[in-house]
Every structure is written in C-alpha cells, then in structure tokens.
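Here's the letter readout for the chains.
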Amino acid sequence: MILLGKEAEKTLRGLPIARSEYVKDSSHMVKLAKKFHFPLVLKIISEKAVHKTEIKGVRIVASEAELRKNYIEMAKIAKRLKGKIMAQEFIKGRELIIGIKKDPVFGHAIMFGIGGTMVELLHDVSFRICPITERDAESMINELKYKKLLDEFRGEKAVNIKLIKNILVKVSNLPARNRKISELDINPLIANDKVAKIVDARIMLG
C-alpha cells in the first residue's frame, strides 16, 4: 500500500508539515487561496505521478488569475491520472530529502541529503540505522559534500540546523511506531532560518 498526500500525513503526525487541503472545486480553490495566501502551491497527488515536475504537477501561483488558469490545466491532468489536486502553503527555503528503507539484514535505515530536483544530480546523501540520536543527525548533516548549501548564501540566512536535526530524529523513530513502513520518502523538506516543513511525502507499507 502506498500513502500519499493527506493520507501520508497521518503517519507523519508530530512532524512539521506544510498546511494543505484537497481542492473540491474551483470555488473551494479560491477560498483556500484566501486561507493560505499567495503565493500558493498547487500539486497533483496520484500514484501515477511519482515525479510531479515531469508532468508539470507542481505549480506556484501568485494571483487569482494564475490560480484559475493553472487549476483548469491541472484538473485535466489529475483526471487522466485518477488523482487529486492539493492546495498548499508556499514555503521558501532550501530543499532537502529524508528517506527510510527497510533492509532485510539491518532493519530500517534513514537517509538524509540535498533534495528537490537536485537529488538525482548531486547524489549527496548520508545513512544511519534507525533510530538515531541528535548527535547522529548532526554527523549526517556534516557528512554532506554540499553542506555549504545550507549556510548563508547570496543574502539568504543559513537554514535552522537545530530544526533539521530534530526532524531527523523524529523520522528515525517512525518505524518503531509503525513496523509496516517499508519505504518512506520525504522530498522535499524545505528549510529556512525560521522553519523546516515537509511539503511532499510518499510512504510504502508492506
């Protein structure tokens, strides 16, 4: 079984997650825009849309006109993929990835690295066996070759490392809470100097 969107959030309870709701129709979409404010993220939630960027399944809209135009286009894609459209608050920051995989020998292992669309290009990740301590989390962060991407950069403040460490520790404890987790993919976790929030997650149970 694969959990996506709001269904995945139930397994991730206790972790910081970007506010979001499924869009029921165009009028509901406008209400959500007023609730979350612009810019707003629209995304398609479907098992057939693992890589959302490849199908233009994630769009950031900055006005009501953009919202209506993109919603119409995405509704057609979502219908074809038998999926849903989700409206989500926009979080600005660096994109990171956290993953969990169950190994038949070692049990659950946690992975951390540079995420978003850069994950396949950089392959910059570190691993530990679950669960981990805050010290383990710090060493995982320090092992990244491109750790400087988390530092102050072009006028943007460094990300809040303390929050990232806390999230890594909490994620590493999820398998103990739910032994059915065989894979977990949080990509991206977006972090800045004030917050770090999960904006997309996929969980496989089995």
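Throughout what follows, the structure given in this document is the object of discussion.

About the thresholds
Residues numbered from 1 in each chain as written. Predicted model: local features only at pLDDT ≥ 70, side-chain atom pairs only at ≥ 80, totals over all residues. Heavy atoms only, no water. Buried < 20%, exposed > 50% of the residue type's maximum accessible area, 1.4 Å probe, protein only. Helix = DSSP H or I, 4+ residues; strand = E, 2+ residues; numbered from the N terminus. Pairing = 2+ DSSP bridges. Axes fitted to C-alpha atoms, helices over the stretch in contact; angles between N-to-C directions. Phe/Tyr/Trp six-rings, centres within 6.5 Å; stacked < 30°, edge-to-face > 60°. Lys NZ or Arg CZ within 6 Å of the ring centre and 35° of its normal. Salt bridge = Lys/Arg side-chain N within 4 Å of Asp/Glu carboxyl O. Contact = heavy atoms within 4.5 Å. Polar contact = N/O pair within 3.5 Å; in protein donor to acceptor, adjacent residues only side chain to side chain.

Among the eight residues in strand β7 (residues 107-114), seven count as buried, and that is most of the element. Here strand β6 (residues 94-103) runs beside β7; their pairing, made up of eight bridges, is antiparallel. Bridge pairing in β7 links Gly 99 to Met 111. Where β6 hands over to β7, the hairpin turn is made up of three residues, counted between the paired strands. Note: β7 against strand β8 (residues 125-129), five bridges, orientation antiparallel. Within β8, the position partnered with Gly 113 by the bridge is Val 125.

Take unusual backbone geometry next. A negative phi holds for most residues other than glycine; trans holds for most peptide bonds. Looking along the chain, the bond that leaves Cys 130 and enters Pro 131 is cis, with omega of -5°. Summarising the element assignment, Pro 131 is placed in the loop between β8 and α5 (134-142). In this structure, the amide linkage connecting Asn 187 to the following residue, Pro 188, adopts the cis form with an omega of 5°. Mapping Pro 188 onto the fold places it in strand β9 (residues 181-191). The backbone phi angle of Lys 56 is positive, close to 55°, even though this residue is not glycine. Assignment of secondary structure puts Lys 56 in the loop between β3 (40-45) and β4 (58-61). Accessibility expressed as a relative area gives 60% for Lys 56, which makes it exposed. Phi angles above zero are rare outside glycine, and Lys 82 is one such case at about 55°. Within the element layout of this structure, Lys 82 appears in the loop between α3 (64-80) and β5 (84-89).

To continue, consider the sheet that holds β5. Strand-to-strand pairing in sheets goes through backbone hydrogen bonds, with the strands running parallel or antiparallel. Spatially, the four strands line up as an open sheet ordered β2-β5-β3-β4, and their pairing is antiparallel. Only two strands of the sheet have a single neighbouring strand rather than two, namely β2 (20-22) and β4. Strand-to-strand twist of the sheet, defined as the mean angle between neighbouring strand axes without regard to direction, takes the value 25°. Here six bridges tie β3 to β5, and the two strands are oriented antiparallel to one another. Paired with Ile 44 across the bridge in β5 is Ile 85.

Summed over the entire model, instances satisfying the criterion amount to zero aromatic pairs. Between the NZ or CZ atom of Lys 84 and the centre of the ring of Tyr 22, over which it lies, the distance is 4.4 Å.

Once that is clear, we can look at the pattern of salt bridges. Under the criterion given, the structure shown has 16 salt bridges. Across the pair Glu 89 and Arg 19 runs a salt bridge, and its minimum N-O distance is 3.7 Å. Here Arg 19 lies in the loop between α1 (5-11) and β2 and Glu 89 lies in strand β5, a separation of 70 residues in the sequence. Residue Arg 19 is classed as partly exposed on the basis of its relative accessible area, which comes to 38%. Each of the salt bridges in this network shares a partner with another, and the network as a whole consists of Arg 19, Glu 89 and Lys 197.

The topology assignment puts Asn 192 in the loop between β9 and β10 (196-198). Spatially, the C-alpha atoms of Asn 192 and Gly 93 are 4.7 Å apart, while their sequence positions differ by 99 residues. The residues touching Asn 192, leaving out its near neighbours within four places in the chain, are Ile 91, Lys 92, Gly 93, Ala 158, Val 159 and Asn 160. For Asn 192, the side chain forms a polar contact with the main-chain oxygen of Lys 92, separated by 2.8 Å. Side-chain polar atoms of Asn 192 contact the backbone nitrogen of Val 195, separated by 2.8 Å.

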